[in-house]
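# Per-entry structural report
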Amino acid sequence: MPFKKYISIIIKIMIVFFSFYFIYHQLSENKSFEELDLTMLIDTVKQNNLSLIGIILMMLLNWLFEALKWRYMISKIETISVIRAYRAVFTGITVSTFTPNRIGEYGGRVFCLEKGDRIKAVFITILCSMSQLLTTILFGSISLFILFEEILIEKSFISISLLILLNLFLVISYFNISSIVTFLSKLKLIKSFKQYLEVLAMYDYKDLTIAFIFSNIRYFIFSLQFIILLNIFGVDITFLNALLSVMLIFFFITITPTITIAEIGVRGSVAIFVLGLFSSNDIAILSSTTLLWLINLILPAIIGSFFIFSLKFFR
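Conventions used here
- Residues numbered from 1 in each chain as written.
- Predicted model: local features only at pLDDT ≥ 70, side-chain atom pairs only at ≥ 80, totals over all residues.
- Heavy atoms only, no water.
- Patch = residues over 30% accessible without salt bridge, like charges linked within 9 Å, V, L, I, M, F, W, Y side chains within 5 Å.
- Areas by Shrake-Rupley, 256 points an atom, 1.4 Å probe, with all protein chains shown as cover.
- Salt bridge = Lys/Arg side-chain N within 4 Å of Asp/Glu carboxyl O.
- Helix = DSSP H or I, 4+ residues; strand = E, 2+ residues; numbered from the N terminus.
- Buried < 20%, exposed > 50% of the residue type's maximum accessible area, 1.4 Å probe, protein only.
- Contact = heavy atoms within 4.5 Å.
- Axes fitted to C-alpha atoms, helices over the stretch in contact; angles between N-to-C directions.
- Parallel < 35°, antiparallel > 145°, perpendicular 65-115°, else oblique.
- Left-handed = near helix turned anticlockwise from the far one by under 90°.
- Nonpolar A, V, L, I, M, F, W, Y, C, P; charged D, E, K, R; others polar.
- Phe/Tyr/Trp six-rings, centres within 6.5 Å; stacked < 30°, edge-to-face > 60°.
- Expected span 1.5 Å × (residues − 1).
- Polar contact = N/O pair within 3.5 Å; in protein donor to acceptor, adjacent residues only side chain to side chain.

### Brief notes about a nonpolar patch on the surface
On the surface, Ile158, Leu162, Ile164, Leu165, Leu168 and Ile172 cluster together into a nonpolar patch covering about 620 Å² of accessible area. One can find Leu162 in helix α8 (residues 157-175). A residue is classified by how much of its surface remains accessible, and Leu162, at 54% relative accessible area, is exposed.

### A word on the environment of Gly92
Within the element layout of this structure, Gly92 appears in helix α4 (residues 82-96). Given a relative accessible area of 0%, Gly92 falls into the buried group. Remark: the alpha-carbon pair of Gly92 and Leu165, spanning 73 residues in sequence, is separated by 32 Å. Not counting residues up to four positions away in its chain, the partners in contact with Gly92 are Gly104, Glu105, Gly108 and Arg109.

### Some points on the packing of helix α6 (residues 118-147) against helix α12 (residues 239-254)
At a closest axis distance of 8 Å, the pairing of α6 and α12 adopts a crossing angle of 125°. If you check the angle between α6 and α12, you find them oblique. Read as a crossing pair, α6 and α12 show a hand that is left-handed. Here α6 contributes Leu133, Thr136, Ile137, Phe139, Gly140, Ser141, Ser143, Leu144, Ile146 and Leu147 to the contact with α12, which in turn contributes Leu244, Ser245, Met247, Leu248, Phe250, Phe251, Phe252 and Thr254. Among the residues forming the contact of α6 with α12, the class breakdown is twelve nonpolar, six polar and no charged.

### Regarding the packing of aromatic side chains
Counted under the stated rule, the structure contains 16 aromatic pairs. Aromatic side chains Phe175 and Tyr205 sit 5.3 Å apart centroid to centroid with 40° between the ring planes, which places their arrangement in the tilted category. Separated by 30 residues along the polypeptide, Phe175 in helix α8 and Tyr205 in helix α11 (residues 205-232) bring together distant segments of the chain. For Tyr205, a relative accessible area of 58% gives the class exposed. Summarising the aromatic geometry, the rings of Phe226 and Phe250 are spaced 6.2 Å apart at their centres and angled 45° between planes, so their arrangement reads as tilted.

### Let's talk about the pattern of salt bridges
A full pass over the atoms with the stated rule returns six salt bridges. The salt bridge partner of Asp207 is Lys76, with a shortest N-O separation of 3.1 Å. A residue pair is termed long-range when its members are at least 10 positions apart, and Asp207 in helix α11 and Lys76 in the loop between α3 (49-74) and α4 qualify at 131 residues. A salt bridge links Glu78 to Arg84; the shortest N-O distance between them is 3.4 Å. The residues Glu78 and Arg84 share a single accessibility class, namely buried.

### A look at α11
Helical periodicity: at 3.6 residues per turn, an α-helix aligns residues three or four positions apart in one direction. Over its 28 residues, α11 runs 41 Å from end to end, which matches the ideal 40 Å to within 8%, given 1.5 Å per residue. One side-chain oxygen at the N-terminal end of α11 lies 3.2 Å from the backbone nitrogen of Lys206; it belongs to Asp204. One or two steps after α11, the chain reaches Gly234, where phi turns positive at roughly 80°.

### Digging into the side chain of Thr290
As for its position among the elements, Thr290 is in helix α14 (residues 282-305). A polar contact of 2.8 Å, which involves the side chain of Thr290, links it to the backbone oxygen of Leu286.

Take a look at the structure:
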């Protein structure tokens, strides 16, 4: 067996090992689980089997839209099937479980490519993530302003200004990425990355808008998942307040640096803080947040582990 093949197998085994180790460690030792009423959580799940199945199907649909978005964007350097794009997304989730801010997701995806330049693919994947970030920040900012309008207007004009500037910066940067690349290409500091970075100049307004629409669809799918879970666990809150709260929770989680597998602690704390504006049922809120995390991140990470051995580190 060639030396590269041995190395490839070892890397794949290590990825699966670290992924499952971090999942096990989080599930067995995370303090957030100590606050849960596991009996209530299990009973609620049993009583709402159909709803739970629906939420799992929504998870699959959510990641399918991510696969379609990535497939569309990556087609500039390689045409791939929907199935391979879907597989790439799941392997990316698996790799991201033990990396800060999910940076491992980029590597997990690009190694599914057979011909396309992988460094260029990383930049394209970052652009896909930027469209999702833009969606989350925009809707989160709207929610923040609605829920804390009086406080922001009366006491924090600077915060409003910074929030508006942040959104303008993201929108302008995203939809003018080709112009930014043209400018950056002139700088000596990025000379070594110029040939790879210039792939982003291939995306016009139409391409970026399509990716942004895919991101919006995904955003409302996992928002709806969260709202359904809050209803299942008996959190007394109106649909509008739940939607605004979920938008704000995703906003805070997005701007908080963390490791994917350690997100449950952050997610639980943020959810209790935001939803606490409308409900004091902390156990139900934490249960909803935990189950959403398990379905949307841990389950896909486990699914992705089955595809890790199909990655091609060496061509």
